[in-house]
Amino acid sequence: MYPLTFKDIRPVEAIESTYTFLIKLKEQQPTLPSGAYVAAEYQTAGRGQQGNSWYSTPGASLIPSFLIQGAGLHISEGWSVSEWVALSLRQAVAAYLPRPELLSIKWPNDLYYGDNKLAGILISHTLEQDQIFYSVIGVGLNVNEPKFPSDIPNPISMMQIVGSVLSLADVERAFKRQLTALYPDLCKSRGRKLLHQSYLQHLYRMQRKSTFRNTANGACFEGSIVGIAEDGRLRIVTEKGEEIRFAFKEVAYL
Ligand SMILES: O=C(O)CCCC[C@@H]1SC[C@@H]2NC(=O)N[C@@H]21
């Protein structure tokens, strides 16, 4: 394992998406090192989960994408990357908010403040045999967005919470510091267990009776989240006491 050191890349031209840019850059330059960190003021076509777009206005939010390689992860350990990034982000943001206890991680890796989405994360892994060769991670953190289009479900920005403009550079430094501090945990089996425990402690609606929809058949049901399986699937126990495991997109929170 190598320590994680970030090396900033700031494209001069407007770019579609830091995430798409970094994926292409790594394909063109296979020697691009772990820690390569693409930052931009604005993306013309920011990408979100499930083919959605990601909204941010010029210079208002953090929208970086970065590369990690050499963490020594087996393909079955990819879920730990999600936990590492989401926890680092939660920890970095917590220092700026009046009620950090309201921060939680909505499975798989959205950062929530109360019932509002503050940040989203995209991750893709490139595999080599049974190992994760490298991962590209894109993070959208709403920092100084004053308002959002009405068609975005329950967004919130740090500025809307705090009531004043925050320094993007400070928040970014805090995020990188947390990623670096928790990186050794990602690279060790015992560390990954700790990350997992911490992730569960901060999981949105953990052990709280809630209504969900099974997206495969449209059925709504009551249940409680009881944890996350090793492969990252969400474990929900229904009112009838039956445990169901859902992969991403297979379940919606109502
Ligand atoms: O929908 C989500 O929750 C994930 C959003 C991820 C957005 C970030 S912004 C930086 C990077 N570039 C993109 O195009 N998307 C990710």
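Residues numbered from 1 in each chain as written. Predicted model: local features only at pLDDT ≥ 70, side-chain atom pairs only at ≥ 80, totals over all residues. Heavy atoms only, no water.

(A) View of the site of the ligand. In the neighbourhood of the ligand, 20 residues make up the surrounding shell, with Ser17, Gln43, Arg47, Gln49 and Lys117 lying closest. At 2.7 Å from an oxygen atom of the ligand is found a side-chain nitrogen or oxygen belonging to Ser17. Asp110 has a polar side-chain atom sitting 3.5 Å from an oxygen atom of the ligand. A total of 420 Å² of accessible area belongs to the ligand in isolation, and the protein chains cover 98% of it. Take the shell around the ligand: its biggest share by element is 4 residues, from strand β6 (residues 116-128). Among the residues forming the shell around the ligand, the class breakdown is 7 nonpolar, 10 polar and 3 charged. (Near = heavy atom within 4 Å. Polar contact = N/O pair within 3.5 Å; in protein donor to acceptor, adjacent residues only side chain to side chain. Areas by Shrake-Rupley, 256 points an atom, 1.4 Å probe, with all protein chains shown as cover. Helix = DSSP H or I, 4+ residues; strand = E, 2+ residues; numbered from the N terminus. Nonpolar A, V, L, I, M, F, W, Y, C, P; charged D, E, K, R; others polar.)

(B) Main features of the packing of helix α2 (residues 79-94) against helix α4 (residues 168-186). With their axes 8 Å apart at the nearest point, α2 and α4 run at an angle of 140 degrees to one another. In this structure, α2 meets α4 at a crossing whose hand is right-handed. For the pair α2 and α4, the contacting residues are Ser80, Val81, Trp84, Val85, Leu87, Ser88, Leu89, Gln91 and Ala92 in the first and Ala174, Phe175, Gln178, Leu179, Leu182, Tyr183 and Leu186 in the second. Residue composition of the contact of α2 with α4, grouped by class: 12 nonpolar, 4 polar and no charged. (Axes fitted to C-alpha atoms, helices over the stretch in contact; angles between N-to-C directions. Left-handed = near helix turned anticlockwise from the far one by under 90°. Contact = heavy atoms within 4.5 Å.)

(C) The arrangement of the packing of aromatic side chains in detail. By the definition in use, this model includes 15 aromatic pairs. Between Trp79 and Tyr199, the aromatic rings sit 5.4 Å apart at their centres with planes inclined by 80 degrees, giving edge-to-face as the arrangement. Of the two residues, Trp79 sits in helix α2 while Tyr199 sits in helix α5 (residues 189-201), which places them 120 residues apart along the sequence. Neither Trp79 nor Tyr199 differs from the other in exposure class; each is buried. (Phe/Tyr/Trp six-rings, centres within 6.5 Å; stacked < 30°, edge-to-face > 60°. Buried < 20%, exposed > 50% of the residue type's maximum accessible area, 1.4 Å probe, protein only.)

(D) Up close: the UniProt feature "domain: BPL/LPL catalytic" (unreviewed entry) in the chain. Here the UniProt-annotated "domain: BPL/LPL catalytic" (unreviewed entry) positions come out as residues 3-187. Helix makes up 28% of residues 3-187 and strand 23%, whereas the separation of the span's terminal C-alpha atoms amounts to 10 Å. (UniProt positions renumbered as here; feature names shortened; annotations may be inferred.)

(E) Layout of the packing of α2 against α5. Two elements in contact, α2 and α5, have axes whose closest approach is 9 Å; the angle formed by their N-to-C orientations is 60 degrees. The angle between α2 and α5 falls in the class oblique. Pair α2 / α5 crosses with left-handed handedness. Here α2 contributes Trp79, Ser80, Glu83, Trp84 and Leu87 to the contact with α5, which in turn contributes Arg192, Leu195, His196, Ser198 and Tyr199. (Parallel < 35°, antiparallel > 145°, perpendicular 65-115°, else oblique.)

(F) How the structure looks around the side chain of Asp110. Tracing the backbone through its elements, the reader meets Asp110 in strand β5 (residues 110-113). Judged by relative accessible area, Asp110 falls into the buried class, the value being 11%. A distance of 3.1 Å separates the side chain of Asp110 from the side chain of Lys117, its partner in a polar contact. Those residues in contact with Asp110 that lie beyond four places of it in its chain are Ser104, Ile105, Lys117, Ala119 and Gly120.

(G) Structural view of the sheet that holds strand β2 (residues 36-38). Taken in spatial order, the 7 strands of this open sheet run β1-β2-β3-β7-β6-β5-β4, and their pairing is mixed. Whereas interior strands pair on both sides, the edge strands pair on one side only; in this sheet they are β1 (7-9) and β4 (103-106). If you compare each strand with its neighbour and ignore which way they point, the axes differ by 25 degrees on average. Here helix α1 (residues 18-28) sits on the sheet in contact with β1, β2, β3 (65-69), β6 and β7 (131-141), set at roughly 40 degrees to β3. (Pairing = 2+ DSSP bridges.)

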